Amino acid sequence: MKTAVTILFLLSLTAFAGTQVAVDLDPIVRTDADWLSYDNGTAQWFTWGGVYRGVWFNMEDFTPGAIGAYVEQSEFWFYHHSSYPWDTSDFYAELWNGTAPNMTNMLDQTTVTAAHYAPVYATYGTPITTEANFWCFSNTEMSSGGWPSNLGDAGSSGVAHSYNGDTTSLAPWVAGGQNCNYFISVLVEPMTSLSRTTWGSMKALF
């Protein structure tokens, strides 16, 4: 394990230039396959660009043929540095339906308190039912400057799944010249045609 964090202070030349900083941290490892994420586990950036910062989940990427999901929890990682102090640690964890780059209808909003370099969770007593394409956002409108700052990975040249902006205009998050991903993940049970029928039958019994 590394005993010190090296802050490189490299600013990205993106639409949100000056709102993201490179870091050198230990990998973040997830071992439960039920947690879905797009990040590569290598934490390399933290950012406070955009009021909304979220991940677009396409269930087809994880469970071919899935027509939706039952979301039980969402997980977020943030990074606090003394040179970029937060004015609040609270944010709204939000779930929306929609296909990138559009968010269509909000399914849930839960207030969560961020922690430095540690996971924080929104837990849903009743799983949230989503479409096959949905979003998990950190909405930072409680802050005057986009805080708390999300932690993100080193990126890839693949399809963009992490976006920032607002409810009317979302753009892929690019850092270091690549599409990067926030450390935002969801714990889900995939919905198939059979599981939807079973779920509906169970609800009818109670």
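Computed from a predicted structure; not experimentally measured. Within any chain, residue numbers begin from 1 and follow the written order of that chain's sequence. The predicted origin of the model limits local features to residues at a pLDDT of at least 70 and limits the giving and counting of side-chain atom pairs to 80 or more, whereas totals for whole chains, interfaces and linings rest on all residues. In computing side-chain values, all of the structure's heavy atoms are included and hydrogens and water are not.

On to the pattern of salt bridges, then. Between Lys or Arg on one side and Asp or Glu on the other, a salt bridge is scored when a side-chain nitrogen of the former is within 4 Å of a carboxyl oxygen of the latter. Counted according to the given criterion, the structure contains two salt bridges. Between R30 and D39 there is a salt bridge whose closest N-O contact spans 2.8 Å. Partly exposed describes any residue whose relative accessible area lies between the buried limit of under 20% and the exposed limit of over 50%, with all areas from a 1.4 Å probe on protein chains only and scaled to the type maximum. According to the relative accessible area criterion, R30 is partly exposed, its value standing at 23%.

Ordered in space as β3-β16-β6-β9, the four strands form an open sheet in which the pairing is antiparallel. Whereas interior strands pair on both sides, the edge strands pair on one side only; in this sheet they are β3 (35–36) and β9 (119–131). Pairing between two strands is assigned when DSSP locates at least 2 bridges connecting them. A run of H or I in DSSP becomes a helix once it reaches four residues, and a run of E becomes a strand once it reaches two; helices and strands are each numbered from the N terminus. In the sheet, strand β6 (residues 68–77) pairs with strand β16 (residues 184–191) via eight bridges, with the strands oriented antiparallel. When the bridges of β16 are listed, E75 appears paired with S185.

Okay, the pairing of strand β7 (residues 90–97) next. With respect to burial, β7 is a largely interior element, seven of its eight residues being buried. Where β7 meets strand β8 (residues 105–113), eight bridges bridge the pair, whose relative direction is antiparallel. Among the inter-strand pairings, D90 is bridged to a residue of β8, identified as T113. Here six bridges tie β7 to strand β10 (residues 133–139), and the two strands are oriented antiparallel to one another. Looking at the pairing, L95 lines up with C136 of β10.

Remember that the coordinates give geometry; whether it matters functionally is a separate question.
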